[in-house]
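# Overview (structure and organization)
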Amino acid sequence: MTIISSSSSSDKIQNNHRTLHNEEEEGRRIYLVTDGIKSLQTKKTYLYAFNGFLKMTVKTSDYKALLDYKPSVIESKIISHIEHLKKRKLSYSAIHVSYAAIIYFFEINDINLNTRKIKRFFPQDESDRYSTDRPCSVDEIKQILDKCDVRSKVII
């Protein structure tokens, strides 16, 4: 079974799909992490993130064996992967993209996981976009209105 890198083209992704879809056992089709995704960039990103999960945490490329684990074992492997990414000092959003790719793979293959439990191990979002944003106080609005002309007051 081949795993393709994130720098592969869409032709290689489609060829890999055909290879894995022909490997059906017990009448169960194994969907890939890129199946059902329309955006080529999302496919590449998810494939890169999922391959990282397979290499670092699961240490296997056998999708069938991965799907045969109990959901609690899969959850613990995902949590271990999140801990690994936190140790590498990756940002919250980078960890979230990896999480989204992994969860998507298991959801598309009908494996129900406790995502609420897994999300508790995420690092705190320390991005600047939320930390400094706040609504204006009443006093600040009064100061703005005192400095404005009639036309600008209508806008505010």
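Residues numbered from 1 in each chain as written. Predicted model: local features only at pLDDT ≥ 70, side-chain atom pairs only at ≥ 80, totals over all residues. Heavy atoms only, no water.

At a minimum axis separation of 8 Å, helix α2 (residues 40–58) and helix α5 (residues 92–108) run at an interaxial angle of 85°. Taken together, the axes of α2 and α5 lie roughly perpendicular to each other. From α2, Thr45, Tyr46, Ala49, Phe50 and Phe53 reach across to α5, where they touch Val97, Ser98, Ala100, Ala101, Ile102, Tyr104, Phe105 and Phe106. (Axes fitted to C-alpha atoms, helices over the stretch in contact; angles between N-to-C directions. Helix = DSSP H or I, 4+ residues; strand = E, 2+ residues; numbered from the N terminus. Parallel < 35°, antiparallel > 145°, perpendicular 65-115°, else oblique. Contact = heavy atoms within 4.5 Å.)

Let us now look at the nonpolar core. Grouped together as the largest cluster of nonpolar side chains are 31 residues, with contacts concentrated most on Phe50, Phe53, Ile78 and Phe106. Secondary-structure elements contributing two or more residues to this core are α2, α3 (63–68), α4 (71–87) and α5. (Core = buried A, V, L, I, M, F, W, Y, C linked by side-chain atoms within 4.5 Å. Buried < 20%, exposed > 50% of the residue type's maximum accessible area, 1.4 Å probe, protein only.)

Before going further, it helps to examine the confidence of the model for the protein. As a note on interpretation, predicted positions should not be read in detail where pLDDT is low. When pLDDT is averaged along the protein, the result is 81; 78% of the residues meet or exceed 70. Predicted confidence for residues 1–19 stays below pLDDT 50, and this span has 30 contacts to residues more than four positions away or in other chains. Taken as a whole, residues 21–25 scores under 50 in pLDDT and shows six contacts with residues more than four places along the chain or in a different chain. (pLDDT = per-residue confidence, 0-100.)

With that settled, the discussion passes to the packing of α4 against α5. Relative placement of two packed helices is described by the angle separating their axes and the distance separating the axes. Following both chains from N to C, one finds α4 and α5 inclined at 160°, their axes separated by 10 Å at the closest point. In terms of axis orientation, α4 runs roughly antiparallel to α5. Between α4 and α5 lies a crossing of right-handed hand. Together, Ile74, Ile78, His81, Ile82, Leu85 and Lys86 of α4 and Ile95, Ser98, Tyr99, Ile102, Ile103 and Phe106 of α5 make up the contact between the two elements. Here the residues of the contact of α4 with α5 sort into nine nonpolar, two polar and one charged. (Left-handed = near helix turned anticlockwise from the far one by under 90°. Nonpolar A, V, L, I, M, F, W, Y, C, P; charged D, E, K, R; others polar.)

The next point concerns the environment of Lys117. With respect to the element layout, Lys117 can be found in helix α6 (residues 115–119). As a C-alpha pair, Lys117 and Ile79 span 38 residues in sequence and 9.0 Å in three-dimensional space. Ignoring sequence-local partners within four residues, the contact set of Lys117 consists of Glu75 and Ile79. Within the structure, Lys117 has its side chain in polar contact with the side chain of Glu75 (distance 3.3 Å). (Polar contact = N/O pair within 3.5 Å; in protein donor to acceptor, adjacent residues only side chain to side chain.)

If you check α5, its first and last C-alpha atoms are 24 Å apart, about what 17 residues at 1.5 Å a residue would give, namely 24 Å. Within α5, burial applies to Ile95, Ser98, Tyr99, Ala100, Ala101, Ile102, Ile103, Phe105 and Phe106. On its buried side, α5 packs onto α2, α3, α4 and α6. With its phi angle positive at about 60°, Asp110 sits one or two positions after the end of α5. (Expected span 1.5 Å × (residues − 1).)

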